[in-house]
Amino acid sequence: RLPPWASPQTILDIQIKGEKFQLPTTSSTALLVAEDLGLAPITFLAERLRKEQHYSSLVLLGFTGELPFRPAPSRIMVSDLPAGVIATMPLFEDWHLPSRIAHADEPPGCFGGTVLELARSWLQQQHETSVKLYISGDSEMISSGVNLANEFGLEYSAVVVGDN
């Protein structure tokens, strides 16, 4: 059974817009943030970055409705996140990439809010760290993500997914 956001009609109508993700030219922390249909581009980027030695990465995923996978408790510690936020996507755990999940319904281990609220919480704790923000989701989420990047003075790269 497909989650509500991934109905067969939605899958047929998916469009990806914008430039491809631009990798940072210097060592930095890559903060990968995706919501719903933005999961695929972020997963592709995460797979690429995990092979690079000079990046550290954190993947934050946001969902509405049913999750498209069974979350698992992470064994990878991530500082500067709210206590109890330990749910991860098993694929990222297998890749040894720290990731966490945000969901408004707050399933066990998930952050109770949006993925950008979770990203903001983490960014507020970062001092003297070079962070590049990668965002993937619908145009509304991208717009909010760009505002977040500007607020923190971050370089960013974004891919819009799902808008017609």
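This section reports on the structure supplied with the text.

Calculation criteria
Residues numbered from 1 in each chain as written. Predicted model: local features only at pLDDT ≥ 70, side-chain atom pairs only at ≥ 80, totals over all residues. Heavy atoms only, no water. Core = buried A, V, L, I, M, F, W, Y, C linked by side-chain atoms within 4.5 Å. Buried < 20%, exposed > 50% of the residue type's maximum accessible area, 1.4 Å probe, protein only. Helix = DSSP H or I, 4+ residues; strand = E, 2+ residues; numbered from the N terminus. Contact = heavy atoms within 4.5 Å. Salt bridge = Lys/Arg side-chain N within 4 Å of Asp/Glu carboxyl O. Pairing = 2+ DSSP bridges. Right-handed = clockwise from strand over helix to strand, strands pointing away.

### Considering the nonpolar core
And then number 1: Of all hydrophobic cores here, the largest spans 25 residues; its most connected members are L31, V33, L60 and W122.
And then number 2: Here this core gets 6 residues from one element, more than from any other, and that element is helix 4 (residues 115-123).
And then number 3: The contacts of L31, once residues within four sequence positions are left out, are L58, L60, A119, W122, L123, V131, K132, L133 and Y134.
And then number 4: With 22 residues, the next largest nonpolar core counts A30, L32, L39 and V59 among its residues.

### Digging into the pattern of salt bridges
And then number 1: With the rule as written, the count across this model stands at 3 salt bridges.
And then number 2: With a closest N to O distance of 3.9 Å, E47 and R50 form a salt bridge.
And then number 3: Across the pair R120 and E151 runs a salt bridge, and its minimum N-O distance is 2.6 Å. In this pair, R120 sits in helix 4 while E151 sits in helix 5 (residues 139-152), placing the two residues 31 residues apart along the sequence.

### Description of the pairing of strand 8 (residues 155-161)
Looking along a regular strand, one sees the side chains alternate between the two faces of the sheet.
And then number 1: Looking at chain direction, strand 7 (residues 131-137) and strand 8 are connected through 6 bridges and run parallel. The partner of S136 across the bridge, within strand 8, is V159.
And then number 2: Traced from strand 7 through helix 5 to strand 8, the parallel crossover comes out right-handed.

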